[in-house]
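Structural characterization, general
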Amino acid sequence: MVQIKTPEQIAKMRAAGLVVAAIHAATREAAVPGASTKDLDEVARKVLAEHGAKSNFLGYGGFPATICTSVNDVVVHGIPSDEVVLKDGDVISIDCGAIVDGWHGDAAYTAFVGSGHAPELIELSRVTEESMWAGIAAMKQGNRLVDVSRAIETYIRRQPKPGGGRYGIIEDYGGHGIGTEMHMDPHLLNYVDRRRGKGPKLVPGFCLAIEPMVSLGTPRTEVLEDDWTVITTDGTWSSHWEHSVALTAEGPLVLTAPDGGKAKLAEYGITAAPDPLA
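Cut-offs and rules
- Residues numbered from 1 in each chain as written.
- Predicted model: local features only at pLDDT ≥ 70, side-chain atom pairs only at ≥ 80, totals over all residues.
- Heavy atoms only, no water.
- UniProt positions renumbered as here; feature names shortened; annotations may be inferred.
- Axes fitted to C-alpha atoms, helices over the stretch in contact; angles between N-to-C directions.
- Helix = DSSP H or I, 4+ residues; strand = E, 2+ residues; numbered from the N terminus.
- Left-handed = near helix turned anticlockwise from the far one by under 90°.
- Contact = heavy atoms within 4.5 Å.
- Nonpolar A, V, L, I, M, F, W, Y, C, P; charged D, E, K, R; others polar.
- Core = buried A, V, L, I, M, F, W, Y, C linked by side-chain atoms within 4.5 Å.
- Buried < 20%, exposed > 50% of the residue type's maximum accessible area, 1.4 Å probe, protein only.
- Pairing = 2+ DSSP bridges.

As recorded in an unreviewed UniProt entry, the protein goes by Methionine aminopeptidase and comes from Streptomyces diastatochromogenes. Per UniProt, the comment on the protein under Subunit (unreviewed entry) is "Monomer." Recorded under Function (unreviewed entry), the UniProt text for the protein is reproduced unchanged: "Removes the N-terminal methionine from nascent proteins. The N-terminal methionine is often cleaved when the second residue in the primary sequence is small and uncharged (Met-Ala-, Cys, Gly, Pro, Ser, Thr, or Val). Requires deformylation of the N(alpha)-formylated initiator methionine before it can be hydrolyzed."

1. A closer look at the packing of helix 1 (residues 7-30) against helix 2 (residues 37-50)
Packing of helix 1 against helix 2 brings their axes to within 9 Å, and their N-to-C directions diverge by 145 degrees. Pair helix 1 / helix 2 crosses with right-handed handedness. Note on element contacts: helix 2 touches helix 1 through Leu40, Val43, Ala44, Val47 and Leu48, opposite Val19, Ala22, Ile23, Ala26, Thr27 and Ala30. Partitioned by chemical class, the residues of the contact of helix 1 with helix 2 number 10 nonpolar, one polar and no charged.

2. A closer look at the nonpolar core
In terms of nonpolar packing, the biggest core is built from 58 residues, with Ile92, Ile136, Met139, Val148, Ile210 and Leu265 touching the most fellow members. If you tally residues by element for this core, the top one is helix 3 (residues 119-137), at eight residues. Residue contacts for Ile136: discarding those within four places in its chain leaves Ile210, His243, Val245, Val254 and Leu265. By size, the runner-up hydrophobic cluster in this structure holds nine residues, among which are Ile10, Ala246, Leu253 and Ala273.

3. A look at the pairing of strand 3 (residues 91-100)
With 10 of 10 residues buried, strand 3 is to be regarded as a mostly interior element. In strand 3, alternate side chains face the same way, and those of Val91, Ser93, Asp95, Gly97 and Ile99 on one face and Ile92, Ile94, Cys96, Ala98 and Val100 on the other are all buried. When strand 1 (residues 67-71) meets strand 3, the two strands line up antiparallel, connected through five bridges. Residue Cys68 lies in a different strand from strand 3, and its bridge partner there is Asp95. Pairing of strand 3 with strand 4 (residues 103-112) involves 10 bridges; the strand directions are antiparallel. Directly across from Val100, in strand 4, lies its bridge partner Trp103. Turn length for the strand 3-strand 4 hairpin, with the two strands adjacent in sequence and antiparallel, is two residues, and the turn residue Asp101 shows positive phi of about 55 degrees.

Shown next, in the form of structure tokens:
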């Protein structure tokens, strides 16, 4: 069952989303050469405490940290550690969430540590982020879930990959519903699988965490012995971007973007819904 939210509930999710945005800003500033991924986790914990919010990652299924820190060939679910120290040229994806008054926010971004990154890595992150926005732009009344998947996949497939070949759209992980829990129905693929049908119609109150994960090579992954860390099977590096989005009667509201998605949606000719907390 898909949980449909009222405007009042979406406002509470916006409050949680703004905490996530604050974590992103703080961890992005702290993701510098010489910082450990455990240092970044401590930064996130401090932001949560400052806002009186709770982590929805810590303890989830036994996960031992506040954020996921996925470096280079780690796609998702990397565990923060004192032993993982960032160095110049690394790429890190940080995934985090927050709970405010029982309502959840969840978002991820990819950052470049230091300088000297290869152009194909910069392009990989750009393609992944823009595919997320293409999916967000497809959150329109009357569309179905598959239209979001199609928008993400179509954007990625239309981008030329430096050096030739195709980007790997990660197959085993995708987006999800969000609300009174972090992971809820429906599961959102980042590609179209005709065996799954068109999925539910998008109506006001429908909330999704849209999160493409893309690699420079394979779409396949494996989980390490810690039962969390997910890596590409061919060792190629990856990118991960995510926003939590609510569809309202006035259009989409990007709950975890500081401006509610106003600037990026305008590039698609879409007016973001008014911010209920503005």
